Amino acid sequence: MRVLLTGGSGFIAAHCVDYLLQGNHSVVFTVRSHDKGKKILSNHPNVSQDKLSYVIVEDIAKEDAFNEAVKSDPPFEAVLHTASPFHFNVKDPKKDLLDPAIIGTTGILKAIKKNAPSVKRVAITSSFASIINTKGHPEVYNEDVWNPVTMDEALHTDAATAYRGSKKFAEKAAWDFVEKEKPNFTLTTICPPLVLGPVVHYFNDLSSINTSNELIRDMIQGKMKDELPTTRVVIWIDVRDLALAHVRAIERPEAQGKRFFVTAGSYRNSDIVDIIKKNFPDLASKLPAKYERDPKDDPFKFDNSRSKDVLSMEYRSLEESITDLVKSLQAAGA
Ligand code: NDP
């Protein structure tokens, strides 16, 4: 298939490029600048231009941002929309998180309907953030659950609530679009929790690493020597498994029209320290010497069986993911 991949400079998208190419798809990714586009292409020196190229989309929060990017010769057959802000440096929740997430999602769907009738399948990276209820966990988390954040709470509480709102309202807007507009394509959404694993994407230096890997970067740089923070997200997935889930979401007919909750299971920050200590003895002096182990009991139950049944997901272990992540951070200068 010929695939348009948004947010090509991102942590997750970089692995989507790899898995799409392995699956013999041809990929056009979006980036905000030629600098980023050229840098990413230079990571794939042996891939021809008809297999991998880029198109500029400067700001997905602009209503018509994708109108030209969705046009291609040969035409696109599928779209993976990963681009969306994931950070907590928020001054204006609407401008910094909600608009790019929601308008970015509705904008690309409108552009496909208008200018790319050849597109038959669209997969969107949503999040466990669109599922988790921080005020009270349900009996079990699965694809039927949505967070209860209101737009008012998203706009006026804090950055984390704004992020959860951005992911929920964007994903809901996508499902509403398909229901009301009845476009020529089917939709799947993928909801990962904390994403860990090797960094292979575009970033300037370790200070600008993507949000979900900040914890491990800080750990191996000695910033948690005195105190290990309490585990925040509690469940996780390896970025390579997530990228594979995206590719299967557009490849498999049986995945169409479905929401997928993808996770390898639970983790504790203390488990991560244990893994780094075991596999990288040289880093021991940077890690917390003494730390409380978080309770082993999971704070909630979750059901990832749809991802196993429909996408055949087999999840990597935390040890493999953390070990490969630390190696990649060291290669990047940590
Ligand atoms: P990154 O920050 O690495 O990637 C985000 C991508 O979105 C970048 O390519 C970024 O471009 C692009 N982007 C953000 N805002 C805009 C904008 N206004 N205009 C154009 N491009 C924009 O994060 P991840 O790879 O981790 O996240 C990718 C997706 O996965 C997001 O949808 C995120 O919500 C979701 N997700 C991530 C999780 C995680 O733990 N990492 C967990 C659950 C979901 P640029 O680099 O130029 O800013």
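Just so it is clear, the model here is predicted, and its values are computed rather than measured.

Draft legend 1. Inspection of the overall build of the chain at higher detail. The helix and strand tally for the chain stands at 10 helices and 10 strands. Relative to the compact-globule value of 20 Å for 334 residues, the chain shows a C-alpha radius of gyration of 19 Å, a close match. Looking at the chain as a whole, 56% of its 334 residues qualify as buried. Look at the contacts in the chain between residues 6 or more apart in sequence, and 77% of them connect residues 24 or more apart. Total accessible area on the chain is roughly 15,000 Å²; 48% of this is exposed by carbon and sulfur atoms. Taking the 44 positively charged and 45 negatively charged side chains of the chain as two groups, their mean positions are separated by 2 Å.

Draft legend 2. How the structure looks around the packing of helix α1 (residues 11-22) against helix α7 (residues 239-251). Relative orientation of the contacting elements α1 and α7 amounts to 60 degrees, with a least axis distance of 8 Å. Classified by the angle their axes make, α1 and α7 are oblique. Viewed along their axes, α1 and α7 form a crossing whose handedness is right-handed. Residue-level contacts link F11, I12, H15, C16, Y19 and L20 of α1 to V239, R240, L242, A243, L244, H246, V247 and I250 of α7.

Draft legend 3. Inspection of the UniProt feature "domain: NAD-dependent epimerase/dehydratase" (unreviewed entry) in the chain at higher detail. In the numbering used here, UniProt assigns the feature "domain: NAD-dependent epimerase/dehydratase" (unreviewed entry) to residues 3-257. Summarising residues 3-257: 36% helix, 15% strand, and an end-to-end C-alpha distance of 18 Å.

Draft legend 4. A look at helix α3 (residues 93-115). For α3, with 23 residues, the first-to-last C-alpha span of 31 Å sits near the 33 Å given by 1.5 Å per residue. A bend of about 45 degrees at D99 is the largest found in α3, and the proline P100 appears one to four places after it. Of all 23 residues that make up α3, 17 are buried, and the element is covered over most of its length. With a side-chain oxygen lying 3.0 Å from the backbone nitrogen of K94, the N-terminal cap of α3 falls on D92.

Draft legend 5. Highlighting the pattern of salt bridges. Under the definition given, this model contains 14 salt bridges. A salt bridge links R316 to E320; its shortest N-O distance comes to 3.1 Å. When its relative accessible area of 34% is taken as the criterion, E320 is described as partly exposed. A cluster of three or more residues bridged by salt bridges with shared partners is formed by R217, D218 and K223.

Draft legend 6. Quick peek at the side chain of H246. Within the fold, H246 resides in helix α7. Under the relative-accessibility criterion, H246 is labelled buried at 0%. Look past the residues within four positions of H246 in its chain and what remains in contact with it is I12, C16, L80, T82, T125 and I190.

Draft legend 7. Geometry of the packing of aromatic side chains. Applying the stated criterion across every chain, the model contains 9 aromatic pairs. Among the aromatic side chains, those forming a connected cluster through ring pairs are F128, Y141, F261 and F300. A cation over a ring is seen here: K172 above W146, with NZ or CZ 4.2 Å from the ring centre. The ring of W146 has R259 lying over it, and the distance from NZ or CZ to the ring centre is 3.6 Å.

Draft legend 8. Region of interest: the site of the ligand. The ligand sits among 27 residues. The nearest are S9, F11, K36, Y163 and K167. For the ligand, whose free accessible area comes to 890 Å², the fraction covered by protein is 89%. Within the residue set of the shell around the ligand, elements represented by two or more residues are α1, α5 (159-181) and β7 (194-196). A breakdown of the residues in the shell around the ligand according to their chemical character gives 12 nonpolar, 10 polar and 5 charged.

Draft legend 9. Here's a closer look at the sheet that holds strand β2 (residues 26-31). Strand order in the open sheet formed by 7 strands is β3-β2-β1-β4-β5-β6-β9, with parallel pairing between adjacent strands. In this open sheet, the two edge strands, each paired with only one partner strand, are β3 (52-56) and β9 (259-261). Ignoring which end each strand starts from, the neighbouring axes of this sheet average 20 degrees apart. Where strand β1 (residues 2-6) lies against strand β4 (residues 78-81), 4 bridges are found, and the strand directions are parallel.

Draft legend 10. Here's a closer look at the side chain of T189. Its place among the elements puts T189 in strand β6 (residues 186-191). Side chain to side chain, T189 and E171 meet in a polar contact 2.7 Å long. A distance of 3.5 Å separates the side chain of T189 from the side chain of W175, its partner in a polar contact. The contacts of T189, once residues within four sequence positions are left out, are I124, E171, W175, K258, R259 and F260.

Draft legend 11. Quick peek at the layout of surface pockets. Estimated volume of the second largest pocket: approximately 210 Å³. The greatest single-element share of the lining of the second largest pocket, amounting to 3 residues, is contributed by helix α6 (residues 214-220). The class makeup of the residues in the lining of the second largest pocket is 6 nonpolar, 4 polar and 3 charged.

Analysis parameters
- Residues numbered from 1 in each chain as written.
- Predicted model: local features only at pLDDT ≥ 70, side-chain atom pairs only at ≥ 80, totals over all residues.
- Heavy atoms only, no water.
- Helix = DSSP H or I, 4+ residues; strand = E, 2+ residues; numbered from the N terminus.
- Rg over C-alpha atoms; globule rule 2.2 N^0.38 Å.
- Buried < 20%, exposed > 50% of the residue type's maximum accessible area, 1.4 Å probe, protein only.
- Contact = heavy atoms within 4.5 Å.
- Areas by Shrake-Rupley, 256 points an atom, 1.4 Å probe, with all protein chains shown as cover.
- Lys, Arg positive; Asp, Glu negative; His and termini not counted.
- Charge placed at Lys NZ, Arg CZ, Asp CG, Glu CD.
- Axes fitted to C-alpha atoms, helices over the stretch in contact; angles between N-to-C directions.
- Parallel < 35°, antiparallel > 145°, perpendicular 65-115°, else oblique.
- Left-handed = near helix turned anticlockwise from the far one by under 90°.
- UniProt positions renumbered as here; feature names shortened; annotations may be inferred.
- Expected span 1.5 Å × (residues − 1).
- Bend = angle between axes of the 7 residues up to and from the residue.
- Polar contact = N/O pair within 3.5 Å; in protein donor to acceptor, adjacent residues only side chain to side chain.
- Salt bridge = Lys/Arg side-chain N within 4 Å of Asp/Glu carboxyl O.
- Phe/Tyr/Trp six-rings, centres within 6.5 Å; stacked < 30°, edge-to-face > 60°.
- Lys NZ or Arg CZ within 6 Å of the ring centre and 35° of its normal.
- Near = heavy atom within 4 Å.
- Nonpolar A, V, L, I, M, F, W, Y, C, P; charged D, E, K, R; others polar.
- Pairing = 2+ DSSP bridges.
- 1 Å grid on protein atoms, 1.4 Å probe; cavity = no way out; pocket = protein on both sides within 12 Å on 5 of 7 lines; lining within 4 Å.
- Points joined across faces, edges and corners; volume = space filled by probe spheres on them.

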